[in-house]
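# Structural features, examined
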Amino acid sequence: MFEVDSDGELTSVPCRYTAGQETRGVILIEEPGGSKATAVRTILREVKFLALNPETGEPRYLEIQVPSPATLKSVGLAILAALGVEHIASSAKVWEIWEAVKQRLRAAGIIVLWSDEAHDLIMARSANETESSLRMIKSLMQGDNAVIPILSGTRRLAEVAAFDPQVSRRFTKIVPSNLQYGMDEAGLISLVEYFSEEAAVILPFLMGSSRRIHAAVFSFIAGVTPPMPMLG
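Rules used in this analysis
- Residues numbered from 1 in each chain as written.
- Predicted model: local features only at pLDDT ≥ 70, side-chain atom pairs only at ≥ 80, totals over all residues.
- Heavy atoms only, no water.
- Buried < 20%, exposed > 50% of the residue type's maximum accessible area, 1.4 Å probe, protein only.
- Helix = DSSP H or I, 4+ residues; strand = E, 2+ residues; numbered from the N terminus.
- Contact = heavy atoms within 4.5 Å.
- 1 Å grid on protein atoms, 1.4 Å probe; cavity = no way out; pocket = protein on both sides within 12 Å on 5 of 7 lines; lining within 4 Å.
- Points joined across faces, edges and corners; volume = space filled by probe spheres on them.
- Nonpolar A, V, L, I, M, F, W, Y, C, P; charged D, E, K, R; others polar.
- Axes fitted to C-alpha atoms, helices over the stretch in contact; angles between N-to-C directions.
- Parallel < 35°, antiparallel > 145°, perpendicular 65-115°, else oblique.
- Left-handed = near helix turned anticlockwise from the far one by under 90°.
- Pairing = 2+ DSSP bridges.

## Concerning helix H3 (residues 72-82)
All of the buried residues along H3 are Leu 72, Ser 74, Val 75, Gly 76, Ala 78, Ile 79 and Leu 80. As for H3, its buried residues are in contact with strand S4 (61-65), helix H4 (94-108), strand S5 (112-116), helix H5 (119-122) and helix H6 (127-140). Count one or two residues on from H3 and you reach Gly 84, which has phi positive near 95°.

## Comments concerning the layout of surface pockets
Within this model, the second largest pocket holds a volume of roughly 270 Å³. Lining the second largest pocket are 18 residues, and of these Pro 14, Ile 110, Ile 111, Asp 144 and Asn 145 sit closest to its centre. Put simply, the parts of the chain that give the lining of the second largest pocket at least two residues each are strand S2 (10-14) and H4. At four residues, the largest contribution of residues to the lining of the second largest pocket is made by H4. Its residues placed into classes, the lining of the second largest pocket shows eight nonpolar, five polar and five charged.

## Focus on the environment of Ser 168
Inspection of the secondary structure puts Ser 168 in helix H8 (residues 165-168). Using a relative accessible area of 8% as the deciding quantity, one classes Ser 168 as buried. What Ser 168 contacts, discounting residues up to four positions off in sequence, is Val 160, Ala 161 and Lys 173.

## Observations concerning the packing of H4 against H6
With their axes 11 Å apart at the nearest point, H4 and H6 run at an angle of 30° to one another. By the angle class used here, H4 and H6 are roughly parallel. Note on packing geometry: the crossing formed by H4 with H6 is right-handed. Here Trp 98, Lys 102 and Leu 105 of H4 come into contact with H6, specifically with Met 136, Ser 139 and Leu 140. Tallied by class, residues from the contact of H4 with H6 come to four nonpolar, one polar and one charged.

## A closer look at the sheet that holds S5
In sheet architecture, strand pairing relies on hydrogen bonds along the backbone and comes in two forms, parallel and antiparallel. Pairing in this open sheet of five strands is parallel, and the strands run S4-S5-S6-S3-S7 from one edge to the other. At either end of the open sheet lies a strand with only one pairing partner, and these are S4 and strand S7 (171-174). Within this sheet the neighbouring strands show an average axis-to-axis angle of 15°, counted without direction. In this sheet, strand S6 (residues 148-153) lies alongside strand S3 (residues 25-29) in parallel orientation, the contact comprising four bridges. Following the sheet pairing, Ile 29 is matched in S6 by Gly 153. Packing against the sheet, helix H1 (residues 36-46) makes contact with S3, S4, S5 and S6, and its axis sits at approximately 165° to S5.

## A closer look at unusual backbone geometry
Ser 68 connects to Pro 69 through a cis peptide bond whose omega is 0°. You can see Pro 69 is positioned in the loop between S4 and H3. Positive phi, normally seen in glycine, also occurs at Thr 18, with a value near 50°. Given the relative accessible area of 44%, Thr 18 is considered partly exposed. The backbone phi angle of Ala 19 is positive, close to 60°, even though this residue is not glycine. Note that Ala 19 resides in the loop between S2 and S3. Look at Ala 19 and you get exposed, because its relative accessible area is 76%.

## Comments concerning the pairing of S3
Of all the five residues making up S3, five are buried; the element is thus mostly covered by neighbouring parts of the structure. Of the two faces of S3, the one holding Gly 25, Ile 27 and Ile 29 and the one holding Val 26 and Leu 28 are both buried throughout. Pairing geometry for S3 and S7, over four bridges, is parallel. Paired with Ile 27 across the strands is Lys 173, a residue of S7.

Structure, rendered in structure tokens:
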């Protein structure tokens, strides 16, 4: 999603597509309890150029939780609130709110906008509200100060293509796979060993990896990416 410099290092400049006119985004789909929010938050905090903008002293990313019910106005207000703008006139029109959103994102130097619980966009009061919100997200991916949107939510998010195929094709979809018996025991043991070493805990033995996969409801709980083969 970001350009690299002459040394192959990532920069804070978003990649541009469609003749350099727009960015691309990410949709992370996982059921409740899968720690998708923890995974996204950890990555954003660990990427140095996102965690801190030297010009503002603040992160280059912004996190919001999509309100329910999600309307074009309520989503815009949620973004403004996350940017520290609390007092918006009740008479403010939707287009005025979103113009303020774009101005504030630009002033704050935000390049990644993460919307958690984004399935509520699909569960808006009407299809028109959903389509309007998705089109507005697409507009944030265009122009000189385009941002990279991240949408995380449940499998309902997969329906975004049904509402706006043009928005859908601009996103990379990530659906974490489940842990599998017979395939992930070794990785799971390595994970336990890694955390044990980090915590200076000596385990006399490791057992029951299959039971742990079952107890985790086949889900890998994200949070730290240890130096070992990736689990499913």
